[in-house]
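Each chain, letter by letter, is given below.
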2 protein chains.
Amino acid sequence: MIKLSKKIEYGILALQYIAIHSDKIISAKEISEQMGIPYEFLSKTLQQLMKKGLIQSQQGIKGGYVLSKKPSDLTVKDIIIALEGKASFLDCFVSSKGLVCDRSPNCTIKNPMERLQSKVMQVFGTTTIEEIAAN
Amino acid sequence: MIKLSKKIEYGILALQYIAIHSDKIISAKEISEQMGIPYEFLSKTLQQLMKKGLIQSQQGIKGGYVLSKKPSDLTVKDIIIALEGKASFLDCFVSSKGLVCDRSPNCTIKNPMERLQSKVMQVFGTTTIEEIAAN
DNA sequence: ATTATATCCGACTATTGTAATCCGATTTTT
DNA sequence: AAAAATCGGATTACAATAGTCGGATATAAT
Ligand code: FES
Ligand code: FES
C-alpha cells in the first residue's frame, strides 16, 4: 500500500529521539518506553542500524546508542537502505545477475520505472533526520 | 521493501499496453498473453480500474477495454489510488476518526512524514502513462 | 437460437513478508 | 558478584499479497 514498514517507522522514531537527546547516550529501553515501541523489535532494529554504521553502540550497564553522523547528514534514504537493503520498486530491479521475470529483456516499463524510482529516492535522500526532528 | 505491488505493476503494464494500442479495443486476454500476466488476476485489476473510471469496458465477444482519459492525463498516482485506495506512508495517516497508535496526538513524526509523503505523491502525480509508454 | 468469447464478481487458497517474541550469551559499570 | 545494557539466532504469529476457482452475465457472429 505504498507504506513504510514498522521497522523503518521505528528506525526513524529512534534516530530522531537519539538526535534530539544527543547530549547523552540513549538506551533501547528508554526509546522503547518513551516512543511506545516493542523493546525486542526495536533492539533488533538498532543493532541493524549499528551494523550499517548509522549509530554507534556502547555495551554494559551504562550503555546505549549515539549517532555516527550529524543529523543533517543522515537521510531517510540512508535508513531505508540500512534496514531493507537497496530499495527497488520492481522485483526485476534487484537482480544483478540474469532475468527475474519473463518480460525482461524486452520490458516496456523497466526504464520509465527506474527513472520514477530514482526520483522518489531523491526525495528520500534529501529528507534529513535534522529536518524531521525540527518538525 | 518500498516496492510497488504486483497489482500496481500489472495495472501500469496494462494501461500502457492499452494506451499504445489505442486504435482498437483491447481484451484482458490479449494483455495477459502479451505481457505475461496471470489472466484471472489481471481481470480483477482491470475491473477495479474500470470501477474507478480509469478505463471503460465493453462486454461480449468483441469486448475489451479502452482508456477513459488521454494517456497524458493519466498518472501513476491515479493508478495507485484506484488500486489501493488513498496511499499512506504510516498507518496513522489513514484514520480520519480517532487515534490509531498511542503516539498520537503527541506524535513527533506525523507532520514531517506527511510532508515527505506529499512530496513523493507529487512525483507519482507528475508521471503519466504517456511518459511511460514513450519509454 | 445457439455458440463462442468476452467481461463481471464473490469466495477461496496459497504464499510471502512483516511484526513480534523467546531465550540465552556477552559486555561493562557499580 | 550483581545489575543493566547490548548482541544475535531461532521461532512464532499475523497480515497482506498474489493467485485461483466457479459461475453469472453480456454481446456479436454464425
Ligand atoms: S517487469 Fe520485469 S523486467 Fe520489467
Ligand atoms: S506514528 Fe502514529 S501518530 Fe505518529
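Below: a short report on this structure. Nothing here was measured: the structure is a model prediction, and the numbers come from that model. Along each chain, residues carry numbers from 1 onward, in the same order as the chain's sequence is written. Chains and ligands are labelled sequentially in the order written, the chains with letters from A and the ligands with numbers from 1. Thresholds applied to this predicted model are a pLDDT of at least 70 for local features of residues and 80 or more for the giving and counting of side-chain atom pairs; totals over whole chains, interfaces and linings are not thresholded and use all residues. Each side-chain value is worked out from all heavy atoms of the structure, with water and hydrogens disregarded.

**Considering the relation of the copies chain A and chain B**
- Copies are brought into register by a least-squares superposition over C-alpha atoms of residues with pLDDT of at least 70 in both. Placing chain A over chain B gives an RMSD of 0.0 Å and needs a rotation angle of 180°, together with 0.0 Å of translation along the axis. What the rotation and shift describe, once combined, is the action of a two-fold rotation axis. Using C-alpha coordinates, one finds that chain A approaches the rotation axis most closely at Val120(A), a distance of 3.0 Å.
- The contact criterion used throughout is that any non-hydrogen atoms of two residues lie within 4.5 Å. A share of 100% of the interface residues of chain A reappears at the interface of chain B, consistent with the copies meeting face to face through the same patch.

**Quick look at the interface of chain A and chain B**
- With 40 residues of chain A at the contact, the number on the chain B side is 40 residues.
- Reported buried area values correspond to the accessible surface (1.4 Å probe) lost by two parts on association, with both partners' losses combined. Carbon and sulfur atoms make up 61% of the surface buried where chain A meets chain B, a total of about 4000 Å² over both sides.
- Think of a salt bridge as a Lys or Arg side-chain nitrogen and an Asp or Glu carboxyl oxygen that are within 4 Å of each other. Along the contact surface separating chain A from chain B lie six salt bridges.
- As a salt-bridge pair, Lys6(B) and Asp91(A) come within 3.4 Å of each other at their nearest N and O atoms.
- In protein, a polar contact means a hydrogen-donor-capable atom and an acceptor-capable atom, both N or O and within 3.5 Å, with residues adjacent in sequence counting only if both atoms are side-chain atoms; elsewhere, any N or O pair within 3.5 Å suffices. Connecting chain A to chain B are 16 residue pairs in polar contact (both at pLDDT 80 or more).
- Strands are runs of DSSP state E lasting at least 2 residues, helices are runs of H or I lasting at least 4, and numbering of each runs from the N terminus. When residues of the side of chain A that touches chain B are traced back to their parent elements, those giving at least two are α1 (6-20), α4 (76-84), α6 (110-125) and α7 (129-134) of chain A.

**What about the protein's contact with DNA strand C?**
- Surveying the vicinity of DNA strand C reveals 28 residues, the closest of which are Gln59(A), Ala28(B), Tyr39(B), Lys44(B) and Ser57(B).
- It suffices for a single heavy atom of a residue to lie within 4 Å of a molecule or strand for the residue to be listed as near it. Considering DNA strand C, the proportion of its atoms within 4 Å of the protein that are sugar or phosphate atoms stands at 68%.
- Between DNA strand C and Ile61(A) there is a distance of 3.4 Å, counted from a base oxygen to a backbone nitrogen or oxygen.
- Backbone polar atom of Gly60(B) to a sugar or linking oxygen of DNA strand C: 3.3 Å apart, as the coordinates give it.
- Taken together, the elements giving at least two residues each to the surface near DNA strand C come down to α1 and α3 (39-51) of chain A together with α2 (28-35), α3 (39-51), β1 (55-58) and β2 (64-67) of chain B.
- In terms of residue count, α3(B) provides more of the surface near DNA strand C than any other element does, four residues in total.

**Digging into the packing of α2(B) against α3(B)**
All names here are of chain B.
- Axes, fitted as lines to C-alpha atoms, cover a helix only where it is in contact. Angles between the N-to-C directions of the axes lie from 0 to 180 degrees. Between α2 and α3, whose axes approach to 9 Å, the crossing angle comes to 125°. If you check the angle between α2 and α3, you find them oblique. Crossing hand, α2 versus α3: right-handed. Here Ala-28, Lys-29, Ile-31 and Ser-32 of α2 come into contact with α3, specifically with Tyr-39, Leu-42, Ser-43 and Leu-46.
- Its residues placed into classes, the contact of α2 with α3 shows five nonpolar, two polar and one charged. Roughly parallel here means an angle under 35 degrees, roughly antiparallel means over 145, roughly perpendicular means 65 to 115, and every remaining angle is called oblique. Should the near helix be turned counterclockwise from the far one by less than a right angle, the crossing is left-handed, whereas a clockwise turn marks it as right-handed. Basically, the charged four are Asp, Glu, Lys and Arg, the nonpolar ten are Ala, Val, Leu, Ile, Met, Phe, Trp, Tyr, Cys and Pro, and anything else, Gly included, counts as polar.

**Some words on the protein's contact with DNA strand D**
- Within the structure, DNA strand D sits among 29 residues, and Ala28(A), Tyr39(A), Lys44(A), Ser57(A) and Gln59(B) are positioned closest to it.
- Close to the protein, within 4 Å, the atoms of DNA strand D belong to sugar or phosphate groups at a rate of 72%.
- The contact in question runs from a base oxygen of DNA strand D to an N or O atom on the side chain of Gln59(A), over 3.4 Å.
- Within the side chain of Gln59(B), an N or O atom sits 2.6 Å from a sugar or linking oxygen of DNA strand D.
- Breaking the surface near DNA strand D down by element, the ones donating at least two residues are α2 (28-35), α3, β1 (55-58) and β2 (64-67) of chain A together with α1 (6-20) and α3 of chain B.
- In terms of residue count, the dominant contributor to the surface near DNA strand D is α3(A) (five residues).
- For the surface near DNA strand D, a count of residues per class yields 10 nonpolar, 11 polar and eight charged.

**Structural notes on the layout of surface pockets**
- Within this model, the largest pocket holds a volume of roughly 250 Å³.
- Put plainly, a pocket is an open set of points on a 1 Å grid over the protein atoms alone with protein on both sides within 12 Å along at least five of seven lines, a cavity is a set where a 1.4 Å probe fits but cannot get out, and a lining residue has an atom within 4 Å of a point. If you trace the largest pocket, you find 13 residues lining it, with Ala28(B), Gln58(B), Gln59(B), Gly64(B) and Tyr65(B) closest to the centre.
- Elements supplying a minimum of two residues to the lining of the largest pocket: α2, α3, β1 and β2 of chain B.
- With four residues, α3(B) is the single largest residue contributor to the lining of the largest pocket.
- Classifying every residue of the lining of the largest pocket gives four nonpolar, eight polar and one charged.
- Contributing to the lining of the second largest pocket are Ser27(A), Ala28(A), Gln47(A), Met50(A), Ser57(A), Gln58(A), Gln59(A), Gly60(A), Gly63(A), Gly64(A) and Tyr65(A).
- Looking at the lining of the second largest pocket, the elements that each hand over two or more residues are α3, β1 and β2 of chain A.
- Partitioned by chemical class, the residues of the lining of the second largest pocket number three nonpolar, eight polar and no charged. Grid points are joined across faces, edges and corners, and a volume is the space filled by probe spheres set on the points.

**As for the packing of aromatic side chains**
- A pair of Phe, Tyr and Trp rings is counted when the ring centres sit within 6.5 Å of each other, with Trp represented by its six-membered ring. The angle between the planes then sorts it: under 30 degrees is stacked, over 60 is edge-to-face, the rest tilted. Enumeration according to the criterion identifies four aromatic pairs over all chains in this entry.
- Ring centres of Tyr10(A) and Phe41(A) lie 5.6 Å apart, and the angle between their planes is 85°; this geometry places the pair in the edge-to-face category. One end of the pair, Tyr10(A), is in helix α1; the other, Phe41(A), is in helix α3, with 31 residues separating them in the sequence.
- Accessibility expressed as a relative area gives 9% for Tyr10(A), which makes it buried.
- With centroids separated by 6.0 Å and ring planes inclined at 35°, the aromatic side chains of Phe89(A) and Phe124(B) adopt a geometry described as tilted. Here Phe89(A) is found in the loop between α4 and α5 (91-94), whereas its partner Phe124(B) is found in helix α6 (residues 110-125) on a different chain. Note on accessibility: Phe89(A) and Phe124(B) belong to one class, buried. Relative accessibility under 20% of the residue-type maximum defines a buried residue, over 50% an exposed one, and the middle range a partly exposed one, all with a 1.4 Å probe and only protein chains included.

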